[in-house]
Amino acid sequence: MTTISNNLQAVRNRIAAACAVAGRPVDAVHLLAVSKTQSGACVREAAACGQQAFGENYAQEGAEKIAELADLNLEWHFIGPLQSNKTRVVAENFAWVHSLERLKTAERLAAQRPIHLPPLQVCIQVNVSGEASKSGCAPAAASALAHAITALPRLRLRGLMAIPAVTDDVVLQRQNFALLSALFAQLNTEGLALDTLSMGMSHDLEAAILAGATIVRVGTAIFGERQIRVFN
Ligand SMILES: *Cc1c(COP(=O)(O)O)cnc(C)c1O
């Protein structure tokens, strides 16, 4: 077995164990393999082990990999900060966007999503730990943004995403995830049919699954340390 295949199995085992602790069925949590900075060959290796969904942070890097690996029919998720001048590349190449935080970006994606593709699946990124430097909309702004997005064509609002401040404090990790989870429940009582909570990475996926994550985004635990590569 290769390293990637071993790592992937270890991550699947962690997800299964966390689901057991949380009393949730194992198929309630989907694994998104975050392949940013990793080569197409690494993605191919993970795909050969049955991994279907991959996450990329940089529009151009992602688009190049998607073209290179088109024969594999993978599902590509854009999870990085989304600049206005990159929305077209994302709208034309990806199946999902996890990192929507502004209506203006959503409107651009809606206008640029090609008609021959299914609607773009989107999540709103919420800044749950409140640091000024982090991206994501304020929790108090999420409801209005969510309702506005559901009125747009060519987009399908699926849920919420967060990248809490990195901490080894499990209590703090759970608090941040619980905040996103409570917001998700609140939006659903407002009539939004959300089914996706994208939260949890290599170091905190257990806490996220306990709090209700339906997608965990895992990079280093699958592919190892990230490569230093320069993309334009
Ligand atoms: C890089 C990244 C991940 C994966 O992080 P790891 O700690 O390597 O698992 C998940 N989500 C986002 C938004 C990322 O940028």
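Everything below is about the structure printed above this text.
Residues numbered from 1 in each chain as written. Predicted model: local features only at pLDDT ≥ 70, side-chain atom pairs only at ≥ 80, totals over all residues. Heavy atoms only, no water.

Trainee: Explain the overall build of the chain here, please?
Mentor: A tally of regular secondary structure across the chain gives nine helices and eight strands. For a compact globule of 232 residues, the expected C-alpha radius of gyration is about 17 Å, and the chain comes in at 17 Å, within 12% of that figure. Taken across its 232 residues, the chain has 50% of its residues classed as buried. If you take every contact in the chain between residues at least 6 apart in sequence, the share linking residues at least 24 apart comes to 60%. Accessible surface, the chain as shown: approximately 10,400 Å² in total, 55% of it carbon and sulfur. Looking at the chain, you have 20 positive and 19 negative side-chain charges, and the mean spots of the two groups are 4 Å apart. (Helix = DSSP H or I, 4+ residues; strand = E, 2+ residues; numbered from the N terminus. Rg over C-alpha atoms; globule rule 2.2 N^0.38 Å. Buried < 20%, exposed > 50% of the residue type's maximum accessible area, 1.4 Å probe, protein only. Contact = heavy atoms within 4.5 Å. Areas by Shrake-Rupley, 256 points an atom, 1.4 Å probe, with all protein chains shown as cover. Lys, Arg positive; Asp, Glu negative; His and termini not counted. Charge placed at Lys NZ, Arg CZ, Asp CG, Glu CD.)

Trainee: What is the right way to read the site of the ligand from this model?
Mentor: Inspection of the region around the ligand gives V34, K36, N57, I79, I163, M201, S202, R217, V218, G219, T220 and R226 as its neighbouring residues. The side chain of T220 places a nitrogen or oxygen atom 2.4 Å from an oxygen atom of the ligand. When the free accessible area of the ligand is taken as 380 Å², the share hidden by the protein chains comes to 91%. Taken together, the residues of the shell around the ligand sort by class into five nonpolar, four polar and three charged. (Near = heavy atom within 4 Å. Polar contact = N/O pair within 3.5 Å; in protein donor to acceptor, adjacent residues only side chain to side chain. Nonpolar A, V, L, I, M, F, W, Y, C, P; charged D, E, K, R; others polar.)

Trainee: Even after reading the chapter, I still don't get helix 1 (residues 3–22), so can you show me in this structure?
Mentor: Residues lying three or four places apart along an α-helix face the same way, a consequence of the helix completing one turn every 3.6 residues. Helix length check: helix 1 (20 residues) gives 28 Å between terminal C-alpha atoms against 28 Å at 1.5 Å per residue, within 8%. Restricting attention to buried positions, one finds in helix 1 the residues I4, S5, L8, V11, I15, A18 and C19. Along the axis of helix 1, the buried residues cluster in a sector spanning 150 degrees; they form a single face. The exposed residues of helix 1 that point more than 90 degrees off its buried face are T3, A20 and V21. (Expected span 1.5 Å × (residues − 1). Arc of directions from axis to C-beta.)

Trainee: I would appreciate a short explanation of the environment of K86 in the present structure.
Mentor: Structurally, K86 is set in the loop between strand 3 (75–78) and helix 4 (87–93). K86 gets classed as partly exposed once you look at its relative accessible area, which sits at 26%.

Trainee: Explanation requested: the pairing of strand 6 (residues 155–161) in the structure shown.
Mentor: Regular strands show a simple pattern: their side chains alternate between the two faces of the sheet. Of all seven residues making up strand 6, six are buried, and the element is well covered by its neighbours. Both strand 5 (residues 120–125) and strand 6 contribute to a ladder of six bridges, which runs parallel. Along strand 6, the bridge assignment pairs C123 with G159. With three bridges joining them, strand 6 and strand 7 (residues 196–198) adopt parallel strand pairing. Across the sheet, G159 pairs through a bridge with T196, a residue of strand 7. Each parallel crossover has a hand, and the one from strand 6 via helix 7 (residues 170–189) to strand 7 is right-handed. (Pairing = 2+ DSSP bridges. Right-handed = clockwise from strand over helix to strand, strands pointing away.)

Trainee: I would appreciate a short explanation of the pattern of salt bridges in the present structure.
Mentor: Side chains that differ in sign of charge can pair as their charged atoms come close. Within this structure, the stated rule accounts for seven salt bridges. Note that K65 and E56 form a salt bridge whose closest N and O atoms lie 2.8 Å from each other. Taken together, the shared-partner salt bridges connect E56, E61 and K65 into one network. (Salt bridge = Lys/Arg side-chain N within 4 Å of Asp/Glu carboxyl O.)

Trainee: Would you mind showing me how to read the packing of aromatic side chains here?
Mentor: For any pair of aromatic rings, geometry is given as the distance between the ring centres together with the angle between the planes. What the rule picks out here adds up to two aromatic pairs. Aromatic side chains F54 and W76 sit 5.7 Å apart centroid to centroid with 35 degrees between the ring planes, which places their arrangement in the tilted category. A residue pair is termed long-range when its members are at least 10 positions apart, and F54 in strand 2 (residues 53–56) and W76 in strand 3 qualify at 22 residues. For the pair shown, F54 and W76 are each scored as buried. Ring centres of F78 and F94 lie 5.4 Å apart, and the angle between their planes is 80 degrees; on these two criteria the pair is classed as edge-to-face. With F78 in strand 3 and F94 in the loop between helix 4 and strand 4 (96–100), this residue pair connects regions lying 16 residues apart in the sequence. Here F78 matches F94 in class, with each residue buried. (Phe/Tyr/Trp six-rings, centres within 6.5 Å; stacked < 30°, edge-to-face > 60°.)

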